[in-house]
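# A closer look at the structure
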Amino acid sequence: SDDVLNAEVNQIWNSSVGLWAGQDVVVGETYTRRDETPLPMMDNRTLLTDIETTFQGDTACTEGGEDAGCVSLGVRSSVDPEDLRPAIEEMVGQVLANAPMELEVSFGEIGQSTLVEVVSDPSTLRPYSVSMTMRADTEMTVMGQTMASVQAIQTLITYAWEGR
């Protein structure tokens, strides 16, 4: 839906460009913080998230470009597993509420992390590329059968600002 996509774009912008805009950062230094991030699939739900931001240095704005007019920034976020567990259990419970039979479900290890790498012009805050890898690891037992699941989604967004 448009709301989910807008929330995702807003989160990418805030966690990448908006986070360091106007700040003095040191190349190679990692800045850490803990924040509450929205869970777009569940209204009014947030998850505690550990965020590490590293200013990787000056770089060309476009792949193969020769000038170093942009900066590269990496943001790694990991959702607190103890905060994630009740949200996952609630979502699965909602799905299974309409199941034709009662299913016994439990969860083992759960993890969710995202790595965002951004190339942006520091003077205009325009991003030139955003690379994002989201990973979800889940161990679930259904009716006595344990299954491990790894879901990884990679996205690359590039922007062409010439003539705009």
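Quick note: structure is the one above.
Residues numbered from 1 in each chain as written. Predicted model: local features only at pLDDT ≥ 70, side-chain atom pairs only at ≥ 80, totals over all residues. Heavy atoms only, no water.

A complete count under the given rule lists 1 disulfide for this structure. The disulfide bridge from Cys61 ends at Cys70, spanning 2.0 Å between sulfur atoms. What sets the handedness of the Cys61 and Cys70 disulfide is the S-S torsion sign, and at about 95 degrees it is right-handed. Just as Cys61 is buried, Cys70 falls in that class too. (Disulfide = S-S within 2.5 Å. Buried < 20%, exposed > 50% of the residue type's maximum accessible area, 1.4 Å probe, protein only.)

This part is about unusual backbone geometry. Even without being glycine, Leu125 reaches a positive phi, approximately 65 degrees. Along the polypeptide, Leu125 turns up in the loop between strand S4 (105–120) and strand S5 (127–142). Phi is positive for Met143, which is not a glycine, with a value near 50 degrees. Inspection of the secondary structure puts Met143 in the loop between S5 and strand S6 (145–158). A residue is classified by how much of its surface remains accessible, and Met143, at 46% relative accessible area, is partly exposed. (Helix = DSSP H or I, 4+ residues; strand = E, 2+ residues; numbered from the N terminus.)

Turning our eyes to something else, we now look at the sheet that holds strand S1 (residues 30–38). Adjacent strands of a sheet form backbone hydrogen bonds with each other and so pair up, either parallel or antiparallel. Taken together, 6 strands build an open sheet; the order of strands is S1-S2-S3-S4-S5-S6 and the sheet is antiparallel. Edge positions in the sheet fall to S1 and S6, since each has one partner strand and no second. Across the sheet, the mean angle separating the axes of adjacent strands is 15 degrees when strand polarity is ignored. Relative to S6, S5 runs antiparallel, the two sharing 14 bridges. The partner of Met132 across the bridge, within S6, is Thr155. Strands in contact with helix H2 (residues 81–96) are strand S2 (46–59), strand S3 (70–79) and S4; relative to S4, the strand with the most contacts, it is inclined by about 115 degrees. (Pairing = 2+ DSSP bridges. Axes fitted to C-alpha atoms, helices over the stretch in contact; angles between N-to-C directions. Contact = heavy atoms within 4.5 Å.)

Turning our attention to H2. For H2, which comprises 16 residues, the first-to-last C-alpha distance of 22 Å matches the rise-based estimate of 22 Å (1.5 Å per residue) to within 8%. For H2, the set of buried residues is Leu84, Ala87 and Ile88. Along the long axis of H2, the arc covered by the buried residues comes to 100 degrees, so they all point the same way. Where H2 is buried, its residues meet S2, S3 and S4. (Expected span 1.5 Å × (residues − 1). Arc of directions from axis to C-beta.)

Examined against the element boundaries, Ala68 turns out to sit in the loop between S2 and S3. On the accessibility criterion, Ala68 (53% relative accessible area) is exposed. Beyond its immediate stretch of four places on either side in the chain, Ala68 contacts Asp58, Thr59 and Ala60.

In this section: the pairing of S4. Sheet topology note: the S3/S4 ladder contains 8 bridges and is antiparallel. When the bridges of S4 are listed, Ser72 appears paired with Val119. Sheet analysis places S4 next to S5, joined by 14 bridges and oriented antiparallel. Bridge pairing in S5 places Leu115 opposite Thr133. Hairpin connection from S4 to S5: 6 residues lie between these consecutive antiparallel strands, with Leu125 at a positive phi of about 65 degrees.

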